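Working through the structure, step by step
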Amino acid sequence: MQLTAAVSFLTILQEESVSIHTYAHAFLQVILLHLEHRDAGVSNAWLETLLSVIEVLPKETLRHEILNPLVSKAQLSQTVQSRLVSCKILGKLTNKFDAHAIKREILPLVKSLCQDVEYEVRSCMCRQLENIAQGIGTELTKSVVLPELIELSRDESSSVRLAAFETLVNLLDVFDADDRSQTILPLVKSFCEKSFKADESILISLSFHLGKLCHGLYGIFTPDQHLRFLEFYKKLCTLGLQQENGHNENQIPPQILEQEKKYISVRKNCAYNFPAMIVFVDPKNFHMELYSTFFCLCHDPEVPVRYTIAICFYEVSKLLNSGVYLIHKELITLLQDESLEVLDALIDHLPEILELMSTGGESSVQENKLSSLPDLIPALTAAEQRAAASLKWRTHEKLLQKYACLPHIISSDQIYYRFLQRMFTIMMTNNVLPVQKAASRTLCVFLRYNRKQEQRHEVIQKLIEQLGQGKSYWNRLRFLDTCEFIIEIFSKSFFCKYFFLPAIELTHDPVANVRMKLCCLLPKVKSTLKIPADKHLLQQLEMCVRKLLCQEKDKDVLAIVKRTVLELDRMEMSMDAFQKKFYEKDLLDQEKEREELLLMEMEQLEKEKQQNDGRPMSDKTFEKKRRDTKTPTTLPKNIPISVPGPSGTSTPSTSKEVKKSKLIRSQSFNNQAFHAKYGNLDKCPSKSSTAGYTPSVSGLGKTSVISLTDDSFRTRNASSTPTSFSPSPSLPSTSRTGSSVDPKSSGSKDTQPRKATLKSRKSNP
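From a predicted model like this one, the values you see are computed outputs, not experimental measurements.

Here is what the cut-offs are and how they apply
As a convention, each chain's residues are numbered from 1 in the sequence order in which they are written. The model is predicted, so local features are restricted to residues of pLDDT at least 70 and side-chain atom pairs to those at 80 or more, both for listing and for counting; the totals for chains, interfaces and linings are taken over all residues. Excluding hydrogens and water, the side-chain values take into account all heavy atoms of the structure. Secondary structure elements are taken from DSSP: a helix is a run of H or I of four residues or more, a strand is a run of E of two residues or more, and numbering for both begins at the N terminus. Throughout, exposure labels follow a simple rule: accessible area from a 1.4 Å probe, protein chains only, divided by the maximum for the residue type, with under 20% read as buried, over 50% as exposed, and the rest as partly exposed. By this rule the span expected of a helix is its residue count minus one, scaled by 1.5 Å. Here, axes are lines fitted to C-alpha atoms. For helices the fit covers the stretch in contact, and angles between N-to-C directions go from 0 to 180 degrees. Angle categories: roughly parallel below 35 degrees, roughly antiparallel above 145, roughly perpendicular from 65 to 115, and oblique for all the rest. Crossings are assigned a handedness: left-handed for a near helix turned anticlockwise from the far helix by less than a right angle, right-handed for a clockwise turn. For this analysis, residues touch if any pair of their heavy atoms sits within 4.5 Å. Residues grouped as a nonpolar core are buried Ala, Val, Leu, Ile, Met, Phe, Trp, Tyr and Cys residues, joined through side-chain atoms within 4.5 Å. By convention in these notes, a salt bridge is any Lys or Arg side-chain nitrogen within 4 Å of a carboxyl oxygen on Asp or Glu. UniProt positions are given in the numbering used here, feature names are shortened, and annotations may be inferred rather than shown by experiment. Under the pairing criterion, centres of Phe, Tyr and Trp rings, with the six-membered ring standing for Trp, must be within 6.5 Å; the plane angle then separates stacked pairs below 30 degrees from edge-to-face pairs above 60, leaving the rest tilted. Here the term charged refers only to Asp, Glu, Lys and Arg, the term nonpolar to Ala, Val, Leu, Ile, Met, Phe, Trp, Tyr, Cys and Pro, and the term polar to all other amino acids, Gly among them.

Concerning the overall build of the chain
Looking only at helices and strands, the chain has 34 helices and 0 strands in total. The 765 residues of the chain split such that 51% are buried.

As structure tokens, this is what we get:
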């Protein structure tokens, strides 16, 4: 009841249920009354409430209700518990009064409690000196607080000495260089020398604060002192390892086991401070001074130590910068660690680490990225298999999400042969939905940056046949998830060309859950259409929705269909020409489409080079091409942006004209193409502005056209697509047609074979 009351009083304060004046009048005395409750847990709960109340009470109330009674509560005649409570209240009150009032009314009580006969009180008051120093300013801190800390650092009790040491470390920024070199440095030096002879708990605290200590005293060390502190740190990093002799834990005395646990904590704290020690020795001296220590921490026999160094690995990589190649082997070691906790800690920043690894090293050219990491791919695949074999599916999911960075680290062929098929297997066989979705999204990223038309078509065909037309309804649901990722990551034209019809075919699926999920996806599907080029696809969509409205028997699906129809009706149609209010979204889509065309253009150029020289284009050349084609992500809105290629519907008829067209497109790409990094894919809008839905066959909906330029904005012209990107006959292509084609003739001509396809696939759900 007491604990609940304390929490309730605190909640009333935090939610401002009553005014501060009313709160002080009604609740403050009750809180003060229970501060000395005989149960320590109850007393601490009320104390926490009081400390929060002090933050908002006016000065006069604090002075009369809390500070004045505190003078008697802090006397030696009071209980130890009362004096401990007084210490914590004094530490809080210093932030509420000016320096003059603190010096006159609070500091005498502080000095008295620092000289208390009980070591618990001296230790508690010592830990409050940091708060008091912040309230009284630098001058009073040097004249009042520092002498008290020096005296407490020589106390007979180890807990008091430890409190004084930690407070000194936290106050290093307050003192000037003279105080640090003449007063604090000798104290710290003496404390470190005596630490090995004292209790191991002092070593734990010392190892935890060593990084902050070396940073605060940096610049006042002599070369000999600098070397001595570095050697002290190295000794702590291996503390307890020399004593291992392979005995069974059951044969080791309990006190030795307890000591080893403390040694593990010391080494863990050393791993935590490792980035600070790199700064201490200068990254240029890492290999000579700290590499062997880093190697020991990465190979430490205890998981908590390796876990901590894995967390710090990214910081270490950033500090080493061009010297990051020195820790390549340690990255592989941690990726192959037997503990999944270590792997989980490492992969939080795996994309950034791999980016540094691929661009850093002795030289920054990217052609060295694979030769410098020969064991990376086996380590990554082994890590994924270990995560998949465990019950820790969240680690597996996170790892698959981080694999989306691989297109910028390793070659497209390596991804295709070593990772892409594995993503398919996970999507088809894994039983954990978040893992399947992570694999699906990463597969879409791999497909986005794949450089070979044949491989792209094979992946698309597998997605459609094994997922979209799979026998298991679970696979068909995953196909719809994949469609959602395709819409997010790829351009609108890509989705319409390959996935639009296979997706809406699922309106005939025999399983209600599949139809229900498709209905929820239909607004995003429709957002990929542009009028008038995609009028025939819009008609297909309307026909499917109309059939669902008329023929659906499942009441839950029918309810979602009706809700979806209303949502579709409210949507505005996106046009071939840019619209002012959708400018940014249309520009983003054009960026995606340009990079897709660039990938195909590079493939075509590579094939021509192979025919001429017999040598494939190197990764370096391709990456340089992609970098050269970058443009700023924000462009002036009055500058017309057009997709390169002829504006007419005719295609070059001779080989000379073909080469000329390719050259024009290549030059245009060099000037205008965009490159979207994998990290920006998460920022892609999930919904685009689209056409309104009406149940009519023509169904153009609300079409408000604001043309900023001429027909050069029409990016879906059939003739602007290179012949190398034309789909194979086995793929359900739904290429956009030019706006000059008659809608009726294009619809009747294109929809006949698609209807046949629908019927054939409908018979085999």
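Looking at unusual backbone geometry
Looking along the chain, the bond that leaves Ile-531 and enters Pro-532 is cis, with omega of 10°. Residue position: Pro-532 is located in the loop between helix H28 (512-526) and helix H29 (535-551). Residue Glu-16 is not a glycine yet carries a positive backbone phi of 55°. By the secondary structure assignment, Glu-16 is in the loop between helix H1 (2-14) and helix H2 (20-33). A positive phi angle, close to 80°, is found at Asp-282, a residue other than glycine. Looking at where Asp-282 falls in the secondary structure, it is placed in the loop between helix H13 (274-281) and helix H14 (286-289).

Regarding helix H24 (residues 453-468)
Here H24 contains 16 residues, and its C-alpha end-to-end distance of 21 Å stays within 8% of the 22 Å for a straight helix at 1.5 Å per residue. Buried within H24 are the following residues: Gln-453, Gln-455, Arg-456, His-457, Val-459, Ile-460, Leu-463, Ile-464, Leu-467 and Gly-468.

Details of the packing of helix H7 (residues 119-152) against helix H8 (residues 158-170)
Between H7 and H8, the shortest axis-to-axis distance is 7 Å and the interhelical angle comes to 25°. Judged by the angle between their axes, H7 and H8 are roughly parallel. Judged by the sense of rotation from one axis to the other, the crossing of H7 with H8 is right-handed. Of H8, the residues touching H7 (which contributes Tyr-119, Arg-122, Ser-123, Cys-126, Arg-127, Leu-129, Glu-130, Leu-146, Leu-149 and Leu-152) are Ser-159, Val-160, Arg-161, Leu-162, Ala-163, Ala-164, Glu-166, Thr-167, Leu-168 and Asn-170.

Brief notes about the side chain of Ser-43
The residue Ser-43 is located in helix H3 (residues 40-54) in this model. If we skip the residues at most four places from it in the chain, Ser-43 touches His-34, Leu-35, Glu-36, His-37, Gln-81 and Val-85.

A closer look at the nonpolar core
The biggest cluster of nonpolar side chains holds 199 residues, and the ones touching the most others in it are Ile-89, Leu-93, Phe-229, Phe-274, Leu-406, Phe-499 and Phe-500. With 15 residues, the top contributor of residues to this core is H7. If we skip the residues at most four places from it in the chain, Phe-274 touches Tyr-233, Phe-286, Leu-290, Thr-293, Phe-294, Leu-297, Ile-309 and Val-316.

Topic: the pattern of salt bridges
This structure, assessed with the given rule, holds 25 salt bridges. Here Arg-476 makes a salt bridge to Asp-509, at a shortest N to O gap of 2.3 Å. Of this pair, Arg-476 sits in helix H25 (residues 473-489) while Asp-509 sits in the loop between helix H27 (500-504) and H28, and the two are 33 residues apart along the sequence. In terms of burial, Arg-476 and Asp-509 fall into one category: buried.

Some points on the UniProt feature "repeat: HEAT" (unreviewed entry) in the chain
In the numbering used here, UniProt assigns the "repeat: HEAT" (unreviewed entry) feature to residues 106-143 and 145-183. From the first C-alpha to the last, residues 106-143 spans 15 Å; its make-up is 89% helix and 0% strand. Helix makes up 72% of residues 145-183 and strand 0%, whereas the separation of the span's terminal C-alpha atoms amounts to 13 Å.

A word on the packing of aromatic side chains
Ring pairs (aromatic) are described by centroid distance and by the angle formed between their planes. This structure, assessed with the given rule, holds 22 aromatic pairs. Pairing Phe-274 with Phe-286 gives two aromatic rings, centres 6.2 Å apart and planes at 90°, and the pair type is edge-to-face. With Phe-274 in helix H13 and Phe-286 in helix H14, this pair connects stretches of sequence that are 12 residues apart. In this structure, Phe-274 and Phe-286 share a single accessibility class: buried. Centroid distance Tyr-473 to Trp-474: 6.4 Å. Interplanar angle 80°. Geometry classified as edge-to-face. For Trp-474, a relative accessible area of 29% gives the class partly exposed.

Section: the packing of helix H11 (residues 223-237) against helix H12 (residues 254-272)
Contact geometry for H11 and H12: axes closest at 8 Å, N-to-C directions at 130°. The angle between H11 and H12 places the two elements in the oblique class. Contacts between H11 and H12 involve Tyr-233, Leu-236 and Cys-237 from the first element and Val-266, Arg-267 and Cys-270 from the second. Considering only residue class, the contact of H11 with H12 consists of 5 nonpolar, no polar and 1 charged.

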